[in-house]
Number of protein chains: 2
Amino acid sequence: MAGRFKPRLAVWPIEPVLKRLRALTSISESDEVLIREAGERREQHGPGEELIVEGQPIRRRRFVVAGWAACQRMLPDGRRQIFRFVLPGDTIGFQDAPHALWSVVALTALETADSESVLAATAEDRAPGLARAIAKGKIHDQQLLLDHMVRLGQQTAFERVAHLLLELQSRLEVVGLGDGRRFPLPLTQEVLADALGLSIVQVNRTLQQLRRERLIELRSGVAILLQPEALSGIADYEPPRLVSGVR
Amino acid sequence: MAGRFKPRLAVWPIEPVLKRLRALTSISESDEVLIREAGERREQHGPGEELIVEGQPIRRRRFVVAGWAACQRMLPDGRRQIFRFVLPGDTIGFQDAPHALWSVVALTALETADSESVLAATAEDRAPGLARAIAKGKIHDQQLLLDHMVRLGQQTAFERVAHLLLELQSRLEVVGLGDGRRFPLPLTQEVLADALGLSIVQVNRTLQQLRRERLIELRSGVAILLQPEALSGIADYEPPRLVSGVR
DNA sequence: CGCTTCTTTGACGAGCCTCAAACTGAGTGG
DNA sequence: CCACTCAGTTTGAGGCTCGTCAAAGAAGCG
């Protein structure tokens, strides 16, 4: 169960990583080769596995190829705050801090690719395009953190849930998972509660309300936004400035 | 009123900046000289002045010498979320993003020093100690952001206020403002409310309660923590890992 | 002294939490 | 194939926290 490194046959295609990088900036043929090579060195993780432990040094940096994880902090009394969901195409451990500022925990079965070789290439200036994409990725991650902070500080339960669903839809669409309305959502209501700063019961009731008002459907790990525009209005959600906003 | 550059006689000493850098890592004589030289190029800002506008490019990066500011985002309906308070010794505009992720607004009269010369020196590898201190500062700022997120997501009004007061006390003590119990707090209750995700009324009632329980005193811009240990227990506050935790 | 801004207080209601229990569905083992 | 278990979801009841509205004090400032 502990995060031992076991290179394995690649089960899932590396495409989500490429799609996210391409969404951030255009990358070259040689950049793509680098990523695909990194994609050969896979690692599998079970749900609940702690890939990064808060306060510990960051061992190996990775791309997420498939599955979901969460950046979180546990409080001594058992409460936890989830800062960010980590989706396919996202990175793990790319912050510059020598010690992790948060834990990263697998929420589902997770498949990652070792990114150290890619990062070495960018550090040695052998892949300027990739370096730019990764830098932009960091900024985008920071944006997501701030968006989440606004949710927690200013929005009602109803708005928070709607806002988060829109964010997840948009992020997943970029990496080719789901379309404009439908996307995988392999989260328990407890996990949603810990992300949104709500109780499980309140998350449940809010989801009921969203269903009752025919704004979403949600069953067996798949979410459908029936009226994305209405949701955007409710949550005051504006799609992210992935390409714009960043040099 | 707009942020025009007017070099002026330095009114406040540059010490807070030096103190914060020294708290982050030991800096050399020549580093100190660089900072003191930057400290000659002062700028004054009135309360309400927007030093950085969200989405705009970052013009001039600065050290805060005296006064308070806030990193914030405004919502279209007039709500705002304050992400972080900017105190003397802190930096403004040091994020790597080409466009600001948040606005920075002066909450009081503010005095800053131009840090571009210092940053040029670190970029050209002429001040490795300073570079390390500044990198650590960024990580520390990120920590503060995460702490604030935990406040917003997991804590009650009472805990949030206590936690924030402890954080401010600790940060101000590092830069030589206030002692272990007493520190300046030039914030209106409205500003506190926008930071803590509470209504003004609730902030007021919470402060009353803290006073009633003889945990704090608060008048004319000065806060006194009467029982810091009790507050730490209430808020589950652990003093920051400024020096530890970071390489 | 009169203005504005900020703080304080009361009354009321809505939102959200807690506790508790029933229900569902997916294994798991007899 | 059928209990049985266990994790997750759903529902109800009740109460506390916190927000809103409103208005009265207090404090700074020209």
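Residues numbered from 1 in each chain as written. Chains lettered and ligands numbered in written order. Predicted model: local features only at pLDDT ≥ 70, side-chain atom pairs only at ≥ 80, totals over all residues. Heavy atoms only, no water.

Engineer: If you had to explain the pattern of salt bridges to someone new, which residues and values would you point to?
Structural biologist: Scanning all chains against the criterion turns up 48 salt bridges over all chains. With a closest N to O distance of 3.4 Å, R20(A) and D90(A) form a salt bridge. Here the residue R20(A) occupies a position in helix α1 (residues 15-24), and D90(A) occupies one in the loop between β5 (80-86) and β6 (91-92), the gap between them amounting to 70 residues. Residue R20(A) is classed as buried on the basis of its relative accessible area of 8%. Using a relative accessible area of 3% as the deciding quantity, one classes D90(A) as buried. The partner of D194(B) in a salt bridge is R80(B), with the nearest N and O atoms 2.6 Å apart. (Salt bridge = Lys/Arg side-chain N within 4 Å of Asp/Glu carboxyl O. Helix = DSSP H or I, 4+ residues; strand = E, 2+ residues; numbered from the N terminus. Buried < 20%, exposed > 50% of the residue type's maximum accessible area, 1.4 Å probe, protein only.)

Engineer: Give me the side chain of R84(B): which residues, what numbers.
Structural biologist: Residue and element names in this part refer to chain B. Within the secondary structure, R84 sits in strand β5 (residues 80-86). At 3.5 Å, the side chain of R84 forms a polar contact with the side chain of D141. Not counting residues within four places of it along the chain, the set of residues in contact with R84 comprises A69, A70, C71, D90, T91, D141, L144, L145, H148 and R171. (Polar contact = N/O pair within 3.5 Å; in protein donor to acceptor, adjacent residues only side chain to side chain. Contact = heavy atoms within 4.5 Å.)

Engineer: Residues and numbers for the nonpolar core, please.
Structural biologist: Ranked by internal contacts, the top residues of the largest apolar core, which has 46 residues, are F83(A) and F83(B). Filtering out sequence-adjacent residues up to four positions away, F83(A) remains in contact with C71(A), Q72(A), R73(A), W102(A), L145(A), H148(A), L146(B), M149(B) and V150(B). (Core = buried A, V, L, I, M, F, W, Y, C linked by side-chain atoms within 4.5 Å.)

Engineer: Can you lay out the interface of chain A and chain B for me, pointing to particular residues and giving the numbers?
Structural biologist: Quite often, the size of an interface is put as the accessible area lost when its parts meet. On the side of chain B, 33 residues touch chain A, which itself brings 33 residues to the contact. Summed over both partners, the interface of chain A with chain B buries about 3200 Å², with 62% contributed by carbon and sulfur atoms. Across the contact surface, chain A and chain B share 4 salt bridges. Residue E159(B) is joined to R79(A) by a salt bridge in which the shortest nitrogen-to-oxygen separation is 3.6 Å. (Buried area = accessible area lost by both parts, 1.4 Å probe.)

Engineer: A description of the domain arrangement of chain A should follow, citing residues and the corresponding values.
Structural biologist: Residues and elements named next belong to chain A. The domains assigned to chain A are domain 1 (15-142) and domain 2 (155-235). Of note, the centres of domain 1 and domain 2, computed from C-alpha atoms alone, are 24 Å apart. Taken residue by residue, the interface counts 17 residues in domain 1 and 15 residues in domain 2. Carbon and sulfur atoms make up 70% of the surface buried where domain 1 meets domain 2, a total of about 1400 Å² over both sides. (Domains from an automatic or database assignment.)

Engineer: Outline the sheet that holds strand β2 (residues 50-52) of chain A, supporting the account with residue identities and numerical values.
Structural biologist: Residue and element names in this part refer to chain A. Spatial strand order, β2-β7-β4-β5: 4 strands in an open sheet with antiparallel pairing. Of all strands in the sheet, those bounded by a partner on one side alone are β2 and β5. Taken over all neighbouring pairs, the strand axes of this sheet differ in orientation by 35° on average, direction set aside. Bridge count between strand β4 (residues 69-74) and strand β7 (residues 103-106): 4 bridges; the pairing is antiparallel. Note that in β7 the partner of C71 across the bridge is V104. (Pairing = 2+ DSSP bridges. Axes fitted to C-alpha atoms, helices over the stretch in contact; angles between N-to-C directions.)

Engineer: Before we move on, could you go through the protein's contact with DNA strand C and cite the residues and values that matter?
Structural biologist: In the neighbourhood of DNA strand C, 15 residues make up the surrounding shell, with A157(A), S199(A), Q202(A), Q189(B) and N204(B) lying closest. The sugar-phosphate portion of DNA strand C accounts for 66% of its atoms within 4 Å of the protein, the bases making up the rest. Here a phosphate oxygen of DNA strand C sits 3.4 Å away from a polar atom, N or O, in the side chain of Q202(A). At 3.0 Å, a side-chain N or O of R205(B) approaches a base nitrogen of DNA strand C. (Near = heavy atom within 4 Å.)

Engineer: Could you give me a rundown of the protein's contact with DNA strand D, with the residues and numbers involved?
Structural biologist: Residues in contact with DNA strand D amount to 15 residues; listed here are only the nearest, Q189(A), N204(A), A157(B), S199(B) and Q202(B). Considering the 4 Å shell around the protein, atoms of DNA strand D inside it are sugar or phosphate in 67% of instances. Within the side chain of R205(A), a nitrogen or oxygen atom sits 3.2 Å from a base nitrogen of DNA strand D. Note that a sugar or linking oxygen of DNA strand D is positioned 3.1 Å from one of the side-chain N or O atoms of Q208(A).

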